[in-house]
Amino acid sequence: MKKGNYIFNVLLILIIGFIAIYISIDGEFDQMLSAFENASLFWIIIMFLGMIGYYFFDALSLLHFGRVFKKDYSLKQSLTNCISAYFFNGVTPFASGGQFAQVYIFNKQGIIPTYSASILLLSFICYQSVLVIYTAIILLLRIQYFLSNAVYSIGLVMLGFSINFLVIFVLFCGANSKKLQNFIIHRILKLLYRFHIIKDYELTSVRIERYFSDFREQLHFLQNNKSILVKVIFNNFMKLSIAYIMPFLAAKAMRLPISYMELLNFMMLCSCIYMITAFIPIPGSSGGAEGLYMVMYGFLGTVGATSSMMLWRFMTYYLGLILGILFFSFNKEIKKGV
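Cut-offs used in this document
Residues numbered from 1 in each chain as written. Predicted model: local features only at pLDDT ≥ 70, side-chain atom pairs only at ≥ 80, totals over all residues. Heavy atoms only, no water. Helix = DSSP H or I, 4+ residues; strand = E, 2+ residues; numbered from the N terminus. Buried < 20%, exposed > 50% of the residue type's maximum accessible area, 1.4 Å probe, protein only. Areas by Shrake-Rupley, 256 points an atom, 1.4 Å probe, with all protein chains shown as cover. Salt bridge = Lys/Arg side-chain N within 4 Å of Asp/Glu carboxyl O. Core = buried A, V, L, I, M, F, W, Y, C linked by side-chain atoms within 4.5 Å. Contact = heavy atoms within 4.5 Å. Axes fitted to C-alpha atoms, helices over the stretch in contact; angles between N-to-C directions. Left-handed = near helix turned anticlockwise from the far one by under 90°. Nonpolar A, V, L, I, M, F, W, Y, C, P; charged D, E, K, R; others polar. Polar contact = N/O pair within 3.5 Å; in protein donor to acceptor, adjacent residues only side chain to side chain. Phe/Tyr/Trp six-rings, centres within 6.5 Å; stacked < 30°, edge-to-face > 60°. Lys NZ or Arg CZ within 6 Å of the ring centre and 35° of its normal.

What follows deals with the overall build of the protein. Secondary structure summary: the protein contains 15 helices and zero strands in total. Per-residue burial for the protein yields a buried fraction of 48% across its 338 residues. Working note: accessible area of the protein is about 17500 Å², and carbon and sulfur atoms make up 68% of it.

Have a look at this one:
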């Protein structure tokens, strides 16, 4: 993506975010201002430290895989790669730019594109698997609360969960079943080609066969390196746990009357937001993320939901954009040879 496109996307994100917040405030600007003036600095710091932990656990996963291909790959390098990706993910539709940026950064760090592609695929396998299992467990634990409080979003949540589950299910089964692989390539792809959804059947089928082959190789790697697998699963579990408790911390920071008994409810609702926004094509899911937060946490009241949403959104999204561009722009290793 060209520099002009990044600038345009950043402006689009800011405009949509501003409109979403303006609509949410609904003439209650003074109350919003008062809410932030009385916010708890302690809980804001806890949120910030939580996000640092989020980046740290994400970088640890990259570190474990990176050292498979480069023994002296360092935590500093993995942090730079990981955090830089948040900017490129945040300003591109469907978070599509992060992986290209990471391959570029890996290359600057001494890991060739062939190996970096394997690292990113391994990371995807582990993250997607933990995401689906974790979300399924938390939804089942709070199913009654979910059905009572997320009634307007049930369809979207189920759709988001089904797509995430289907992606990992098809990849696992397709990598281990030649019959399913052939069915996808010779039946589904041909059907999509006939309806002009895909333009080049031969090229697409070759790419899918190669992807299944790569996926199968990485599965074998994980099966043969269980210690790495366990560490990365733990890192992803911690990463998602931090992400899911952020709305609760935001509510505490805004001094809203919530109890610790509600923590699991907050986490469940946040997991629903992540499930849905993963498929919003606008960079950063701008507008969608804010709107869903207001729906999911509407019980906090207009001012409470809006103020906590603004704090949550800054910590979980805009902070990553700021840190990402700083890490990418000022890292000497990346700038070397440019």
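In this model, arginine 255 sits at a positive phi of 60 degrees, which is unusual for a non-glycine residue. With respect to the element layout, arginine 255 can be found in the loop between helix 11 (226–253) and helix 12 (263–277).

On to the pattern of salt bridges. Considering all chains together, one arrives at three salt bridges under this definition. Here lysine 70 ties to aspartate 72 by a salt bridge, and the two come within 2.9 Å at their closest N and O atoms. Overall, lysine 70 belongs to the buried group, its relative accessible area being 18%. Here aspartate 72 falls in the exposed class, since its relative accessible area comes to 54%. Across the pair glutamate 290 and arginine 313 runs a salt bridge, and its minimum N-O distance is 3.1 Å. On the criterion of sequence distance, the pair formed by glutamate 290 in helix 13 (residues 288–296) and arginine 313 in helix 14 (residues 302–330) is long-range, its members being 23 residues apart. Summarising the burial analysis for this pair, glutamate 290 and arginine 313 share the class buried.

With 85 residues, the main nonpolar core has Phe65, Met296, Tyr297 and Trp312 as its most contacted residues. In this structure, tryptophan 312 is in contact with Met47, Met246, Pro247, Ala250, Cys270, Ile273, Ala289 and Tyr293, ignoring residues within four places of it in sequence. The next biggest cluster of nonpolar side chains, apart from the first, holds seven residues, and it includes Phe88, Val91, Tyr317 and Leu321.

A separate point is the packing of helix 3 (residues 41–69) against helix 6 (residues 113–141). Two elements in contact, helix 3 and helix 6, have axes whose closest approach is 10 Å; the angle formed by their N-to-C orientations is 145 degrees. In this structure, the crossing between helix 3 and helix 6 has a hand that is right-handed. Where helix 3 approaches helix 6, its residues Leu62, Phe65, Gly66 and Phe69 are matched on the opposing element by Tyr115, Ser118, Ile119, Leu122, Ser123 and Cys126. The residue makeup of the contact of helix 3 with helix 6, split by class, is seven nonpolar, three polar and no charged.

Next up on the list: the environment of glutamate 333. The topology assignment puts glutamate 333 in helix 15 (residues 332–335). Put simply, glutamate 333 and glycine 110 are 223 residues apart on the chain and 9.9 Å apart in space, counted from C-alpha to C-alpha. When sequence neighbours within four positions are dropped, the list of residues in contact with glutamate 333 reads Gln77, Lys108 and Gln109. A polar contact of 2.9 Å, which involves the side chain of glutamate 333, links it to the side chain of glutamine 77.

Take alanine 136: it is sitting in helix 6. Separated by 29 residues in the primary sequence, alanine 136 and phenylalanine 165 place their C-alpha atoms 9.6 Å from one another.

Using the criterion set out here, one finds 26 aromatic pairs in the structure. Summarising the aromatic geometry, the rings of tyrosine 54 and tyrosine 55 are spaced 5.9 Å apart at their centres and angled 80 degrees between planes, so their arrangement reads as edge-to-face. Residue tyrosine 54 shares its accessibility class with tyrosine 55, and that shared class is buried. A network of ring pairs unites the aromatic residues Phe248, Tyr260, Phe266, Tyr293, Tyr297, Phe299 and Trp312 as a single cluster. Above the face of the tyrosine 260 ring, lysine 252 is positioned so that its terminal group lies 4.6 Å from the ring centre. Lying over the aromatic face of tyrosine 317, arginine 313 brings its terminal NZ or CZ to 4.2 Å of the ring centre.

Our focus in this paragraph is the packing of helix 3 against helix 4 (residues 75–90). Contact geometry of helix 3 with helix 4 gives a least axis separation of 8 Å together with a crossing angle of 115 degrees. Between helix 3 and helix 4 lies a crossing whose hand is right-handed. Facing helix 3, whose interface residues are Tyr54, Tyr55, Phe56, Asp58, Ala59, Leu60, Leu62 and Leu63, helix 4 presents Leu75, Ser78, Leu79, Asn81, Cys82, Ile83 and Tyr86. Classifying every residue of the contact of helix 3 with helix 4 by side-chain character gives 12 nonpolar, two polar and one charged.

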